[in-house]
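These are the residues of each chain, in order.
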Amino acid sequence: MFKHVKQSRAYQDVVEQIQDGIIAGTLKPGSQLPAERDLKEQFGVSRGTLREALRVLEQKGLIEIRTGVAGGSIIREVNSEQLSENLGLLIRNRTVSLRDLAEFREGMEGGVAALAAQRGQEQDMALLKKLLTEAEEHLKEGRKGWDAFIRTDEMLHMALARMSGNQLFISVLESVYYNIHTYYENYLSRGKKILQENFNDLQAIVTAVTERNEEAARELAQGHVRRFNTYMEEKEA
């Protein structure tokens, strides 16, 4: 099943071969990897190198290492939930740089807004308008309405994600928006000017989506992410 690895990058090669087998479906969820002794022989590696590779695969959520008589390395099912959990941890702990987060969001949210304009149903459009009205009410409260405004902003972005009809977009952006508040709390000024500008952006995006103007929706969503990231970078500096 496996081949000898290059000794210069032994554990990485072990990880990649097993990972490729899982992705290709050769290694099925619930199945067990060969015994440690057999894996060492197939890969041509030491016990320490093999265990390091298995530990990395376990951290990635690709295998589960069980101990005891019936123990072994069990292949786990790969799904979007695992991806979201890992991404959520990175964002919650602010492990991802502001620039990396912005580049990631800019591409994804631009695409989501365009798909929402293309695929959204009438009830979806009505929900966007309702959330926009709620955001405006919170905006009128000034600084006191900050938290409620941000929650409504997140709900609106998630509504757009669901309108895209793409489960991967939905799952990943859900993880982003459930955890991104740590960046806002540390890098955004809690002033009405910021809320007003945020609201203006949301209003423009909703208008483009409800008018089914895909390219305008894409550009507006990307511009929104880009500009607010600039504000956060300025405060970080």
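Here we summarise the structure given alongside this text. Note that the structure is predicted; figures quoted are calculated from it, not measured.

**Re the overall build of the protein**
At step 1: When you go through the protein residue by residue, the secondary structure sums to 11 helices and 2 strands.
At step 2: The order of helices and strands in the protein, counted from the N terminus, is α-α-α-β-β-α-α-α-α-α-α-α-α.
At step 3: Against the 2.2 N^0.38 benchmark of 18 Å for 237 residues, the protein shows a C-alpha radius of gyration of 23 Å, more extended than a compact globule.
At step 4: Projecting the C-alpha coordinates of the protein onto the three principal axes gives extents of approximately 65 × 40 × 30 Å.
At step 5: Within the protein, the fraction of its 237 residues that count as buried is 46%.

**A short note on the pattern of salt bridges**
At step 1: Evaluation of the coordinates by the stated rule reveals 13 salt bridges.
At step 2: Glu134 is the salt-bridge partner of Lys130, the closest N and O atoms lying 2.7 Å from each other. With a gap of 4 residues between them, Lys130 and Glu134 both fall in helix 6 (residues 122–140), about one helical turn apart.
At step 3: In this structure Lys130 comes out as partly exposed when scored by relative accessible area, which is 48%.
At step 4: Each of Glu36, Arg47 and Arg51 takes part in salt bridges that share partners, so that together they form one network.

**Considerations on the packing of aromatic side chains**
At step 1: All told, the structure shown has 3 aromatic pairs when counted by the stated rule.
At step 2: Consider the rings of Phe2 and Phe43, whose centres lie 4.7 Å apart with planes at 25 degrees: the pair is stacked. Of the two residues, Phe2 is situated in the segment before helix 1 (10–24) and Phe43 in helix 2 (residues 36–43); the sequence distance between them amounts to 41 residues.

**So, the packing of helix 5 (residues 98–119) against helix 8 (residues 167–179)**
At step 1: Running from amino to carboxyl end, helix 5 crosses helix 8 at an angle of 125 degrees, the nearest separation of the two axes being 12 Å. What the angle tells us is that helix 5 and helix 8 run oblique. Relative to helix 8, the crossing made by helix 5 is left-handed. In this structure, helix 5 uses Phe104, Arg105, Met108, Glu109, Val112 and Leu115 to contact helix 8, whose residues at the interface are Phe169, Val172, Leu173, Val176 and Tyr177.

Calculation criteria
Residues numbered from 1 in each chain as written. Predicted model: local features only at pLDDT ≥ 70, side-chain atom pairs only at ≥ 80, totals over all residues. Heavy atoms only, no water. Helix = DSSP H or I, 4+ residues; strand = E, 2+ residues; numbered from the N terminus. Rg over C-alpha atoms; globule rule 2.2 N^0.38 Å. Buried < 20%, exposed > 50% of the residue type's maximum accessible area, 1.4 Å probe, protein only. Salt bridge = Lys/Arg side-chain N within 4 Å of Asp/Glu carboxyl O. Phe/Tyr/Trp six-rings, centres within 6.5 Å; stacked < 30°, edge-to-face > 60°. Axes fitted to C-alpha atoms, helices over the stretch in contact; angles between N-to-C directions. Parallel < 35°, antiparallel > 145°, perpendicular 65-115°, else oblique. Left-handed = near helix turned anticlockwise from the far one by under 90°. Contact = heavy atoms within 4.5 Å.

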